[in-house]
Amino acid sequence: MTGYGLAVAVESLVAHSPVPVVLDVDMGERAPETVEVAAYYLVSESLTNVAKYARASQATVVIRHADGQLTVE
């Protein structure tokens, strides 16, 4: 994950998700590595839980990095 960054890593998660995912990423610049790793695991676990428990037909992941803050929705 660290070589290509959070956006590419999350795109890979979305590509392998059994539930269709709308992905909206605007990183601007990269966040610190530890923050990107934490965000990656947050998205990974969230998509796993959506697939297992939510009975959802679609999920949406929005990631923004601006003014030194990374937001994941």
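Up top is the structure.
I will try to describe carefully the structure that is included in this document.

**A closer look at the overall build of the protein**
Now for step 1: Summing up its helical and strand segments, the protein has 2 helices and 3 strands in all.
Now for step 2: Each helix (α) and strand (β) of the protein, taken in turn from the N terminus, gives the series α-β-α-β-β.
Now for step 3: Over its C-alpha atoms the protein spans a radius of gyration of 12 Å, differing by no more than 12% from the 11 Å that the globule rule assigns to 73 residues.
Now for step 4: The buried share of the protein, reckoned over its 73 residues, is 29%.
Now for step 5: Sequence separation of 24 or more characterises 70% of the internal contacts of the protein that already satisfy a separation of 6 or more.
Now for step 6: As displayed, the protein has an accessible area near 4,900 Å², and 50% of this comes from carbon and sulfur atoms.

**A few points about the packing of helix α1 (residues 6–15) against helix α2 (residues 33–54)**
Now for step 1: At a closest axis distance of 10 Å, the pairing of α1 and α2 adopts a crossing angle of 15 degrees. When the axes of α1 and α2 are compared, the pair comes out roughly parallel. The chirality of how α1 crosses α2 is right-handed. Note on element contacts: α2 touches α1 through Glu36, Ala39, Tyr40, Val43, Ser44 and Leu47, opposite Leu6, Ala9, Val10, Leu13 and Val14.

**Quick word on the packing of aromatic side chains**
Any aromatic ring pair is given by two values, namely how distant the centres are and how the planes are angled relative to each other.
Now for step 1: According to the stated counting rule, one finds 1 aromatic pair in the structure shown.
Now for step 2: Centroid distance Tyr40 to Tyr41: 5.3 Å. Interplanar angle 80 degrees. Geometry classified as edge-to-face.

**A few points about the sheet that holds strand β2 (residues 59–66)**
The strands making up a sheet are joined through hydrogen bonds of the backbone, oriented either antiparallel or parallel.
Now for step 1: In space, the 3 strands of this open sheet follow the order β1-β2-β3, with mixed pairing throughout. Single-partner strands in this sheet number two, and they are β1 (21–26) and β3 (69–72). When strand polarity is set aside, the average angle formed by the axes of neighbouring strands in this sheet is 5 degrees.
Now for step 2: Contacting β1, β2 and β3, α1 crosses the sheet at an angle of about 180 degrees to β1.

**Observations regarding the pairing of β1**
Now for step 1: Here β1 pairs with β2 via 6 bridges, running parallel. Across the sheet, residue Leu23 finds its bridge partner in β2, namely Val61.

What counts and how
Residues numbered from 1 in each chain as written. Predicted model: local features only at pLDDT ≥ 70, side-chain atom pairs only at ≥ 80, totals over all residues. Heavy atoms only, no water. Helix = DSSP H or I, 4+ residues; strand = E, 2+ residues; numbered from the N terminus. Rg over C-alpha atoms; globule rule 2.2 N^0.38 Å. Buried < 20%, exposed > 50% of the residue type's maximum accessible area, 1.4 Å probe, protein only. Contact = heavy atoms within 4.5 Å. Areas by Shrake-Rupley, 256 points an atom, 1.4 Å probe, with all protein chains shown as cover. Axes fitted to C-alpha atoms, helices over the stretch in contact; angles between N-to-C directions. Parallel < 35°, antiparallel > 145°, perpendicular 65-115°, else oblique. Left-handed = near helix turned anticlockwise from the far one by under 90°. Phe/Tyr/Trp six-rings, centres within 6.5 Å; stacked < 30°, edge-to-face > 60°. Pairing = 2+ DSSP bridges.

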